[in-house]
Amino acid sequence: MNDIGAWVWWLVGAAALGIPLVVTAMPEFGMLAVGAVAAAIVAGLGFGAVPQVLAFVVVSVALIAVVRPIAARHARGLPRLATGVDALKGRQAVVLERVDSSGGRIKLAGEVWSARSLDTGRAYDVGQEVDVVEIEGATAIVI
């Protein structure tokens, strides 16, 4: 045991920190593992225990303090991909049969849809373009 270098123990620690990273998908464990690798490099260069621990702490804290907020901001900023009926909201359609508050037909995304007017006092004639504001079941609500 005594002939195993400190750098090996730091690499074992890095691997041990990699296990919860994979199991829990918490990136903080990966940042700690990188800190352990940095400490292993310092140990491999022949430095003592204090510089090794300092390297581990400095690299780990720096990664958590810098990379984590950037990753969190990037994850929040990703646009959500609209699919299904959500992708139809906001699209334009052409009136095929007069649309009023009681019903009608439109052509939306190449398909014929039943539709009704959002405004009960408003009607749309054949050929007019309308905007889809909501989908309720198989009925498009238009303005």
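Anything mentioned here points back to the structure above.
Residues numbered from 1 in each chain as written. Predicted model: local features only at pLDDT ≥ 70, side-chain atom pairs only at ≥ 80, totals over all residues. Heavy atoms only, no water.

## Topic: helix α2 (residues 27–44)
Inference 1: With 18 residues, α2 should cover 26 Å at 1.5 Å per step; its first-to-last C-alpha distance of 26 Å lies within 8% of that length.
Inference 2: For α2, the set of buried residues is Glu28, Gly30, Met31, Ala33, Gly35, Ala36, Ala38, Ala39, Ala40, Val42 and Ala43.
Inference 3: In the core, the buried residues of α2 are packed alongside α1 (6–24) and α3 (49–77).
Inference 4: At the exit of α2 stands Gly46, carrying a positive phi of roughly 95°. (Helix = DSSP H or I, 4+ residues; strand = E, 2+ residues; numbered from the N terminus. Expected span 1.5 Å × (residues − 1). Buried < 20%, exposed > 50% of the residue type's maximum accessible area, 1.4 Å probe, protein only. Contact = heavy atoms within 4.5 Å.)

## Things to note about the environment of Asp119
Inference 1: Its location among the elements puts Asp119 in the loop between β3 (111–117) and β4 (129–136).
Inference 2: Taking C-alpha positions, Asp119 is 9.4 Å from Ile141, a pair spaced 22 residues apart along the chain.

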